[in-house]
Amino acid sequence: MKIIFLLPLLFIYLFGLVNLFGISPNLATSSIIHFIIGLSLFTLIRYFQTKRHLNFFRDNSLLLYLLSIILLGITLFIGTEVNGSKRWIDLGFFPLQTSEIFKIFFISFLSAVLARRILKNMGKTIFIQSLIYTLIPIIIIFLQPDLKTSILIFAIFSFLVINSDIPKKYIFYLFGIFVILAPVTWGLMHDYQKNRVLSFISPQSDISGVSYNLIQAKITVGSGGFFGEGLRMGKQTQLSFLPENHTDFAFSSLVEQFGFIGGSLLILLYITFFFILFMRLRKLQDKQDYESRYNFFYTLGFSLIFIFQAAVNIGMNLGINPIAGVTLPFVSYGGSSLITFMIGLALLP
């Protein structure tokens, strides 16, 4: 892996680190610790994969998938409850969000399954098996409850299957079933999840309630102007008018401090990284050996979660899509997210 591949992410992280310092110096210090842990894991994984020619994650993808499923289940019982959700296990030095690390193991496992050449002759069987492997974690994560991650897991499954040798008709049948069952899904959603959708459709209906975050995020972005208010000078952030200003709405805080110029530069860095991922996919898509096919599917899955989280987070900060509680990669504060993405990067070919 050439260093140029990591440069956009390094600049994104440094940009996010300065933004966190502008919000709270203590958050920036914790983020540096998380980054050091993530970088250590990244270096260790890359060393064994490139120097020792091992692929532990690929060769043991089924075991890691099963262990992570067990970890998700344990979280339901002993996880730390925050705002009515049990998604974290307290490790002492930081809370681990088990669904975050699961995403990487899931992509690795599903990539190994879909990389097999037997798919052309066993398309229906492999599709059903893959669907079962996907529905199990979706149900567990939905019960935490965490709707956004459940949707993301299903999106990863759908995207990888569509790009595999499995006949496309199966995935279209599945989409048809989900459309029919959409009213049932709406009925199973928690009130706060429904309110997020309704507040996006009509944000002025309850400006002091569920729409408050959405409205404050847009105000914060607008207050940054072209050049920004300056480091630690944003009134929306410093006076805590903007909730979750270091996690879900870190982008709004960044634009308030660094303005349209800062926000545009950050988006440009993301686009640069997306382009590098796309070029890697182009090189892998026509190769038919098992290792290349695994690398293609893994890169595709990792690209999806990275692009999905960046697009959804920036979109909800700008009021383009409903608030989904999705963090912005390498910018939002969070040890689980940062370390997970570092592990995911280390597994890229």
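Up top is the structure these notes are about.
No experiment lies behind these values; they were computed from the predicted model shown. (Residues numbered from 1 in each chain as written. Predicted model: local features only at pLDDT ≥ 70, side-chain atom pairs only at ≥ 80, totals over all residues. Heavy atoms only, no water.)

A.B. asks: Any details on the overall build of the chain? Residues and values, ideally.
C.D. replies: Helices and strands together make up the secondary structure of the chain, namely 15 helices and three strands. Looking at the chain as a whole, 51% of its 349 residues are labelled buried. The long-range fraction of contacts in the chain, counting pairs at least 24 apart against all pairs at least 6 apart in sequence, stands at 72%. (Helix = DSSP H or I, 4+ residues; strand = E, 2+ residues; numbered from the N terminus. Buried < 20%, exposed > 50% of the residue type's maximum accessible area, 1.4 Å probe, protein only. Contact = heavy atoms within 4.5 Å.)

A.B. asks: Describe unusual backbone geometry, naming the residues involved and giving the relevant values.
C.D. replies: A cis geometry characterises the amide bond from Gln144 onward to Pro145, with omega recorded as -5°. Tracing the sequence through the fold places Pro145 in the loop between α6 (123-143) and α7 (147-162). Of note in the backbone geometry, Arg232 takes a positive phi value of approximately 65° without being a glycine. Mapped onto the elements of the fold, Arg232 is located in the loop between α11 (212-223) and α12 (235-238). What makes Arg232 partly exposed here is its relative accessible area of 35%. The backbone phi angle of Phe330 is positive, close to 70°, even though this residue is not glycine. Within the secondary structure layout, Phe330 lies in the loop between α14 (290-317) and α15 (335-346).

A.B. asks: I'd like to hear about the pattern of salt bridges, residue by residue, with values.
C.D. replies: Using the criterion set out here, one finds four salt bridges in the structure. Here Lys103 makes a salt bridge to Glu100, at a shortest N to O gap of 3.3 Å. On the criterion of helical spacing, the pair formed by Lys103 and Glu100 is a turn pair, its members being three residues apart in helix α5 (residues 98-114). For Glu100, a relative accessible area of 7% translates into the label buried. Here Asp146 makes a salt bridge to Lys148, at a shortest N to O gap of 3.0 Å. This pair shows no difference in class: Asp146 is buried, exactly as Lys148 is. (Salt bridge = Lys/Arg side-chain N within 4 Å of Asp/Glu carboxyl O.)

A.B. asks: Explain the pairing of strand β2 (residues 85-90) to me, and be specific about the residues and the numbers.
C.D. replies: Here strand β1 (residues 80-82) runs beside β2; their pairing, made up of three bridges, is antiparallel. If you follow Thr80 over to β2, its bridge partner there is Trp88. (Pairing = 2+ DSSP bridges.)

A.B. asks: Pulling in residues and values, what's your account of the sheet that holds strand β3 (residues 95-97)?
C.D. replies: Taken in spatial order, the three strands make up an open sheet running β1-β2-β3, and their pairing is antiparallel. The open sheet terminates on both sides in strands that have one partner only, identified here as β1 and β3. With direction set aside, neighbouring strand axes in the sheet form an average angle of 50°. Across the sheet, helix α4 (residues 61-78) is in contact with β1, β2 and β3; its angle to β2 comes to roughly 105°. The strands touched by α5 within the sheet are β2 and β3, with β3 carrying the most contacts at an inclination of about 45°. (Axes fitted to C-alpha atoms, helices over the stretch in contact; angles between N-to-C directions.)

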